[in-house]
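# Structural features, examined
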Amino acid sequence: MTTPSAPPAPNAPFGSVFASTMVVAGWSDGEWEEPRLGPVEPFSLHPATHVLHYGSACFEGLKAHRGTDGVVRVFRLDAHVRRMRTSAEILMLPVPPAEMLTRMVLDVVAACLDEVPAAPGSLYLRPTLIGTVPNIGAAAVPSTRALLYVIASPVGDYFAGGVRPLKLALETVRPRTTPQFGMVKSGANYVMALGPTMRAKQELGADQVLFAPGGIIQETGAANFLMIDPHHVITPALNEAFLHGVTRDSVLTLAADLGYEVDQRDKLTVDDLVDWASHNDAEAALSGTAAVLAAVGTLVLDGEELAVGTGGVGDHTLRLRKALTDLHIGETDDPHGWLTPVTSG
Ligand code: COI
């Protein structure tokens, strides 16, 4: 059952359609302004603005889901607020107070309530923080002005073609990004993965690249990596080199709840993966707010294609994905207190 006003997810690429309202708060002289809700419209920025030259930017990606009971709930808001504060601190940007950022996200969702699509669509939320001082000399000093805003985008699937087994090219030399900044959710990390990803798409027909410098698995350009079988979920243990995914954490928690043995390895290697992939019941998946839990069917290593297990969308990947998406839409209990319901006004 969906409410009569629930729109379907737009038939447009993920993130290319925007909800009507955003919220903005400036920061200068060490103070945050009162956040202002208003229509989504372009900003005017001086060409010398800090973020345009020195990359002083971080963001978050989280979702509001419309439940089968019609109620809209934000998933793991606390965890995303925490991670954005960590990103801001590492990038020497002002750290937004948790209560203010939480309120900004909830206010945008409340203002866009009628624009939250019915499941499997959702409203993707993008809190963003940028350094705005107009000073091209400020290369070695933090921006003394900043802008925090939250925009929203009604979305469907991130990977075109819905639930299908993805093809991953293994990159065993280059890291995804600068190792000690991999855990920061900053645009620079994504653009660094872009060149290898585009080449792998064009040359190998791959959907994504799994970065594994020196044979040690990190993540893909936009999602964490997991190996799954009927009894185990195995993934690299957290370190500074890759994003500490909230969906990764959610899937690992739900997997443990369902009785899978969760193994976070300090060094998960390409050799481990190739050996794993050769077993019939092996599965692999990508996790992320955008990706949800997307099955991996094929690996490409040194130009050779290897199937993961049977090469299809694995039953246990689907089981874990359903555990997550059922929770998103209020179809199951929320034992970990991950959902924040939002009402209008
Ligand atoms: C997310 O999953 O929220 C991300 O930030 C990935 C992005 C490339 C859409």
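The structure we're discussing is the one just above.
Not measured: the values here are computed from a predicted model. (Residues numbered from 1 in each chain as written. Predicted model: local features only at pLDDT ≥ 70, side-chain atom pairs only at ≥ 80, totals over all residues. Heavy atoms only, no water.)

## Quick word on the nonpolar core
- Grouped together as the largest cluster of nonpolar side chains are 34 residues, with contacts concentrated most on Val74, Val105, Val109, Leu123, Leu125, Leu129 and Leu148.
- Contributions of two or more residues to this core are made by β1 (21–28), β5 (62–66), β6 (72–75), α2 (77–90), α3 (98–111), β7 (122–131) and β8 (145–155).
- Among the elements that make up this core, the one with the highest residue count is α3 (eight residues).
- Those residues in contact with Val109 that sit more than four places away from it in its chain are Ala64, Val72, Val74, Leu125 and Val342.
- By size, the runner-up hydrophobic cluster in this structure holds 25 residues, among which are Leu273, Trp276, Ala282 and Ala294. (Core = buried A, V, L, I, M, F, W, Y, C linked by side-chain atoms within 4.5 Å. Buried < 20%, exposed > 50% of the residue type's maximum accessible area, 1.4 Å probe, protein only. Helix = DSSP H or I, 4+ residues; strand = E, 2+ residues; numbered from the N terminus. Contact = heavy atoms within 4.5 Å.)

## What to know about the packing of α2 against α3
- The contact between α2 and α3 brings their axes to 10 Å, and the two run at 125 degrees. One finds that α2 runs oblique with respect to α3. For the crossing formed where α2 meets α3, the hand is right-handed. Contact with α2, carried on its side by Leu77, Val81, Met84 and Arg85, involves Ala98, Leu101, Thr102, Val105 and Leu106 of α3 and no other residues of that element.
- Here the contact of α2 with α3 is built from residues that sort into seven nonpolar, one polar and one charged. (Axes fitted to C-alpha atoms, helices over the stretch in contact; angles between N-to-C directions. Parallel < 35°, antiparallel > 145°, perpendicular 65-115°, else oblique. Left-handed = near helix turned anticlockwise from the far one by under 90°. Nonpolar A, V, L, I, M, F, W, Y, C, P; charged D, E, K, R; others polar.)

## Digging into a nonpolar patch on the surface
- On the surface, Val191, Met192, Leu194 and Met198 cluster together to form a nonpolar patch covering roughly 340 Å² of accessible area.
- One can find Met192 in helix α4 (residues 187–204). (Patch = residues over 30% accessible without salt bridge, like charges linked within 9 Å, V, L, I, M, F, W, Y side chains within 5 Å. Areas by Shrake-Rupley, 256 points an atom, 1.4 Å probe, with all protein chains shown as cover. Salt bridge = Lys/Arg side-chain N within 4 Å of Asp/Glu carboxyl O.)

## Structural notes on helix α5 (residues 246–257)
- With 12 residues, α5 should cover 16 Å at 1.5 Å per step; its first-to-last C-alpha distance of 16 Å lies within 8% of that length.
- Those residues of α5 that fall on the buried side of the exposure criterion are Val246, Thr247, Arg248, Ser250, Val251, Leu252, Leu254 and Ala255.
- Among the residues trailing α5, Gly259 stands out with phi positive, at a value near 100 degrees. (Expected span 1.5 Å × (residues − 1).)

## Some remarks on the site of the ligand
- The immediate surroundings of the ligand are formed by Phe59, Gly61, Tyr124, Arg126, Tyr158, Lys185, Tyr190, Ala222, Thr289 and Ala290.
- Contact between the ligand and Lys185: an oxygen atom at 2.6 Å from a side-chain N or O atom of the residue.
- Contact between the ligand and Ala290: an oxygen atom at 2.9 Å from a main-chain N or O atom of the residue.
- About the coverage of the ligand: the protein hides 88% of its 280 Å² of free accessible area.
- Looking at side-chain class alone, the shell around the ligand contains six nonpolar, two polar and two charged residues. (Near = heavy atom within 4 Å. Polar contact = N/O pair within 3.5 Å; in protein donor to acceptor, adjacent residues only side chain to side chain.)

## Notes on the pattern of salt bridges
- For the structure shown, the criterion picks out 11 salt bridges.
- Here Asp326 ties to Lys322 by a salt bridge, and the two come within 2.8 Å at their closest N and O atoms. Separated by four residues within a single helix, Asp326 and Lys322 lie in helix α7 (residues 315–328), roughly one turn from each other.
- Judged by its relative accessible area of 16%, Asp326 falls in the buried class.

## A word on the pairing of strand β13 (residues 261–265)
- Of the pairings in the sheet, the one linking strand β12 (residues 232–236) to β13 comprises five bridges and is parallel in character. Residue pairing in the sheet places Val233 in a bridge with Val262 of β13. (Pairing = 2+ DSSP bridges.)

## Re the pairing of β5
- Along β5, five of the five residues are buried, which leaves the element largely enclosed by surrounding structure.
- By the alternation rule, side chains of β5 split into Leu62, Ala64 and Arg66 and Lys63 and His65, which are all buried.
- Here β5 pairs with β7 via three bridges, running antiparallel. Across the sheet, the residue bridging to Leu62 is Leu125, located in β7.
- Hairpin connection from β5 to β6: five residues lie between these consecutive antiparallel strands, with Gly70 at a positive phi of about 85 degrees.

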